[in-house]
Structures are given as structure tokens and as C-alpha cells.
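Here is how the chains run, residue by residue.
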Amino acid sequence: MIADNLKRIKAEIAEACVRAGRAPESVKLIAVSKTKPASDVLKAYEAGQRVFGENYVQELLAKFADATLQNLPIEWHFVGHLQSNKARYLAEKIAMIHGVDKLSLAEEISKRAKQRNRSIPILLEVNISNEVTKHGLKPDALFAEAEKIFPLPNIELKGLMTIASPDREKVKSEFKEMRRLFEKLKSLAPKPDQITELSMGMSGDFDIAIEEGATLLRLGTAIFGERSK
Ligand SMILES: *Cc1c(COP(=O)(O)O)cnc(C)c1O
């Protein structure tokens, strides 16, 4: 079932790219495996998926340590809200941290990456729907925070991430606004070529995200089925 889902989703992504006049390679699919067992990750891996996302640190660490996954060339992304005191657990292996929403967290990631003698790609999370329950920077606070984060060593600010509102009616304008913020971030960046990633689009709205320029899609349910918790 996971292999079938992946096949279908990839075809849908390719079709949406054609409709949007984009190259299918310009969009990367992150399979969000949170709450799902390592055996599901393995099934997706065997179907050719190499990029996975998790949003609980404990769970990601369990998957890092899982004997069946340990030696596979999987690219792990952390896609959710990260508490500063947990950043050190991710520093060795994580490929990208989506969802950095304050300077202090960026500083902590920078420090932990330095200890590992590496650079960690990060995205800033924007609360585009302005829901109080959501994490992320308000659009009007984004650029001031980005200006402070750009100079930090051992992290590479590569773009923006968001979770749209559940109301599909609103999603298009929210993603459009994200695209505008992304272009503005690029224009302000010391190295504009470094701003390449716009992480938006989940199982219910990835078609719209592709239309509006997403480069990273984060899909869980559409690949692995409904989550029980
Ligand atoms: C769970 C989660 C996803 C995947 O959501 P689906 O609707 O299951 O595709 C994507 N991004 C984040 C940050 C998540 O927490």
C-alpha cells in the first residue's frame, strides 16, 4: 500500500508540475513518517523514497538507532517545532531543520553544528495563517529575525517553511504570500543564491503548493495513511 501510494503521489506531483509549467525535479518529496513504525519507513525506502521527515525528537532518535534503518542512506529532515534544548540531539545527522522560529533556537543549532564541525541547513517557519495555536514568525517579524540569523556560523538559512490553514479556500492566498516573502528574503540575503527552498504543501494542499512555487513538499497521510495519535 505504501509503495502504491508513493507511486500515485509522484504521478500527481508530476502532473501538478506540468500544469504549473515547472520541472518535476524542482520539487522534492519529503515522506513524513511521524508516529509510523520503522517498518513503514523501510517499505517506503524499498519503493525508492530516500527523504523522510519527523517532528518529534524522541521518535527521530529511535529511528536513527533502528537496526533496520541505521545504515541506509536516508536524508532525514526535522519538520516540526524544535525546543532549543533538543537541538544537540539532531546536530550529527539531520539534513535540514524546517521550522526555526526564533534567533535563540538558530543560535543553539549554530553552536551544536559547530561542535560537530558541520553546517546545518535551516528554514524559518512563518505563521502565515496567523492562528494562535501555531508556531512560526509573524510575517512582519520575519526579516528582522532573518537579518540576525544570516551571520551566524555553521548554519545555512536556505528559505522558509509554513503550515497553511486547514481551510482550502484560504490556502492559495497564504501560499502566494509565502512566495512573496520568499522572494523578499532572497533579495535581502547576503548570498541570494543560498535562498532556494520553500517548504509548504502537505497531504491536503500540495497541488496548490506546487502552483505557488513550493520546492519541498511534506507528505505524511497521503503516503503512510491516517495517523492514530
Ligand atoms: C505531520 C506533518 C506533516 C504531514 O502532514 P500530512 O497532512 O499527514 O501530510 C507535514 N508537516 C509538518 C510540520 C507536520 O507536522
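Residues numbered from 1 in each chain as written. Predicted model: local features only at pLDDT ≥ 70, side-chain atom pairs only at ≥ 80, totals over all residues. Heavy atoms only, no water.

Student: When you look at the packing of helix 6 (residues 139-149) against helix 7 (residues 168-188) in this model, what are you seeing that I'm missing?
Tutor: The relative placement of two packed helices comes down to the angle between their axes together with the axis-to-axis distance. The interhelical angle for the contact between helix 6 and helix 7, taken along N-to-C directions, is 25°, at an axis separation of 11 Å. It follows that helix 6 is roughly parallel to helix 7 by the angle criterion. Handedness of the helix 6/helix 7 crossing: right-handed. In this structure, helix 6 contributes Pro139, Leu142, Phe143, Ala146 and Glu147 to the contact, and helix 7 contributes Leu181, Lys184, Leu185 and Leu188. (Axes fitted to C-alpha atoms, helices over the stretch in contact; angles between N-to-C directions. Helix = DSSP H or I, 4+ residues; strand = E, 2+ residues; numbered from the N terminus. Parallel < 35°, antiparallel > 145°, perpendicular 65-115°, else oblique. Left-handed = near helix turned anticlockwise from the far one by under 90°. Contact = heavy atoms within 4.5 Å.)

Student: How do you make sense of the site of the ligand when you look at a structure like this?
Tutor: Lining the immediate surroundings of the ligand are 13 residues, of which Lys34, Ser203, Gly220, Thr221 and Arg227 lie closest. Interatomic distance of 2.5 Å between a side-chain N/O atom of Thr221 and an oxygen atom of the ligand. Contacts to the ligand include Arg227, whose side-chain N or O atom sits 2.7 Å from an oxygen atom. Bound to the protein, the ligand loses 91% of the 390 Å² it would expose on its own. In terms of residue class, the shell around the ligand is built from six nonpolar, four polar and three charged. (Near = heavy atom within 4 Å. Polar contact = N/O pair within 3.5 Å; in protein donor to acceptor, adjacent residues only side chain to side chain. Areas by Shrake-Rupley, 256 points an atom, 1.4 Å probe, with all protein chains shown as cover. Nonpolar A, V, L, I, M, F, W, Y, C, P; charged D, E, K, R; others polar.)

Student: Honestly, the nonpolar core in this entry has me stumped. Any pointers?
Tutor: As a rule of thumb, soluble globular proteins bury nonpolar side chains together. Counting residues in each nonpolar core, the largest one holds 69 residues, and the members touching the most others are Ile97, Ile109, Ile122 and Leu160. Every residue in contact with Ile109, bar those within four places of it in the chain, is listed here: Leu82, Ala87, Ile97, Val100, Ile120, Ile122 and Ile155. Counting eight residues, the second-largest nonpolar core is a separate cluster that includes Ile30, Val32, Met96 and Met161. (Core = buried A, V, L, I, M, F, W, Y, C linked by side-chain atoms within 4.5 Å. Buried < 20%, exposed > 50% of the residue type's maximum accessible area, 1.4 Å probe, protein only.)

Student: In this structure, what is going on with the layout of surface pockets? I would like to understand it.
Tutor: It is a probe the size of a water molecule, rolled over the atoms, that shows where empty space is left. By volume, the largest pocket is sized at about 380 Å³. Lining the largest pocket are 20 residues, and of these Lys34, Asn55, Ile163, Met202 and Arg227 lie nearest its centre. Class assignment of the residues belonging to the lining of the largest pocket gives a composition of six nonpolar, eight polar and six charged. (1 Å grid on protein atoms, 1.4 Å probe; cavity = no way out; pocket = protein on both sides within 12 Å on 5 of 7 lines; lining within 4 Å. Points joined across faces, edges and corners; volume = space filled by probe spheres on them.)

Student: Would you mind going over the side chain of Ser110 with me for this structure?
Tutor: Along the chain, Ser110 falls in helix 5 (residues 103-115). Residue classification places Ser110 among the buried positions, given a relative accessible area of 5%.

Student: What is the right way to read the pattern of salt bridges from this model?
Tutor: Two side chains of opposite charge can pair, provided their charged atoms sit close to one another. All chains considered together, the criterion is met by 17 salt bridges. Lys63 is the partner of Glu59 in a salt bridge, and the nearest nitrogen-oxygen pair spans 2.8 Å. Of the two residues, Glu59 and Lys63 are both situated in helix 3 (residues 57-65); the distance of four residues between them amounts to about one turn of the helix. Linking Lys102 and Asp101 is a salt bridge whose minimum nitrogen-to-oxygen distance equals 3.8 Å. The exposure class of Asp101 is buried, given its relative accessible area of 12%. (Salt bridge = Lys/Arg side-chain N within 4 Å of Asp/Glu carboxyl O.)

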